[in-house]
Amino acid sequence: MKNRISIIRSGSLIVNGLFFVGAMMLVTNCDPDETQTVANFKTLSWHDEFDVDGAPDPSMWTFDIGTGDNGWGNGELQYYTDRPENVVVEDGMLKITAIQESFEGAGYTSARLLTQGLFSQQYGRFEARMKLPFGKGMWPAFWLLGDNIDEIGWPFCGEIDVMENGGSKPTIISSAVHGPGYNAGNAITKKYEFEQSRVDSEFHVYGIEWGPGYINYYVDDVLYNQITRDNLEEEGVERSEWVFDNGPFFMILNLAIGGSFDGNPNADTVFPQTMYVDYVRVFSRD
């Protein structure tokens, strides 16, 4: 069932008739620091509930098309399209589907949506409720890039990976930040493992709460990771290279195939595979 939301009082939500306050729970088995900063972002500033069937709302989403440079920099195998076969809104959710087919010189098709030029925000809570595909070579992701990427390039613009999953590991997701001196294989990352669930059999909420000098990572109501400026020193990088206080970021949803994250599909990978997105919501402080 689609989660319906209404904002009530300060920092609270009603979801499907249930009342939630703004505070989030810390997961103890990830050894959170007692001094961690936890902020409550209360104002719904942008959202897409995917309630209107058809193509994604063009006032909210645009597309990357093609194979990019070197498979979008990661050796990916898919050709991104905006065809309804690959991306459509129906049944109250966004569906991004990876298909094995010969198309424009590629062996697979899929889709990559972004809010670049349409919506961006500095700081806040960014979250998406999703059910992910399964199979070797599937690479679904929900992530953010700095608005200034066209001016200064990557990784100087900064990249925040809210959620990435390798389809061969249906109980594990990962989070990361990329910036100058800590990117690609040297990104600052952390994994989260589900103990009694899988990413392809159930919907989960993947989100960040991002403020000056820190980014908190959540799965459902669990805070499992915090990355701060101090982490750069631990990685041998100057704290001044923290690029996440330099301006707004835009969002990306995509389903890649193959590449450096989970490797390429194998004989056991079943196609088509679909990434289901129930909603995307962004909150800011009052």
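Our subject in this report is the structure included herewith. (Residues numbered from 1 in each chain as written. Predicted model: local features only at pLDDT ≥ 70, side-chain atom pairs only at ≥ 80, totals over all residues. Heavy atoms only, no water.)

A few points about the layout of surface pockets
No. 1: Considered as a void within the structure, the largest pocket measures approximately 880 Å³ in volume.
No. 2: Lining of the largest pocket is provided by 40 residues; of these, Asn74, Trp139, Glu159, Glu164 and His178 occupy positions nearest its centre.
No. 3: Elements represented by at least two residues in the lining of the largest pocket include exactly helix H1 (71-75), strand E11 (112-114), strand E13 (138-146), helix H2 (149-152), strand E14 (159-164), strand E15 (172-178), strand E16 (188-193) and strand E20 (249-257).
No. 4: When residues in the lining of the largest pocket are grouped by element, the largest group, 6 residues, is from E15.
No. 5: Across the lining of the largest pocket, the residue classes break down as 17 nonpolar, 12 polar and 11 charged. (1 Å grid on protein atoms, 1.4 Å probe; cavity = no way out; pocket = protein on both sides within 12 Å on 5 of 7 lines; lining within 4 Å. Points joined across faces, edges and corners; volume = space filled by probe spheres on them. Helix = DSSP H or I, 4+ residues; strand = E, 2+ residues; numbered from the N terminus. Nonpolar A, V, L, I, M, F, W, Y, C, P; charged D, E, K, R; others polar.)

Let's talk about the side chain of Asp48
No. 1: By the secondary structure assignment, Asp48 is in strand E5 (residues 43-48).
No. 2: The class for Asp48 is buried, based on a relative accessible area of 8%.
No. 3: From its side chain, Asp48 meets the backbone nitrogen of Phe50 in a polar contact 2.9 Å long.
No. 4: Within the local environment of Asp48, its side chain forms a polar contact with the side chain of Trp61, the two groups lying 2.8 Å apart.
No. 5: Those residues within four positions of Asp48 in sequence are excluded, and the remaining contacts are Met60, Trp61, Tyr279 and Val280. (Buried < 20%, exposed > 50% of the residue type's maximum accessible area, 1.4 Å probe, protein only. Polar contact = N/O pair within 3.5 Å; in protein donor to acceptor, adjacent residues only side chain to side chain. Contact = heavy atoms within 4.5 Å.)

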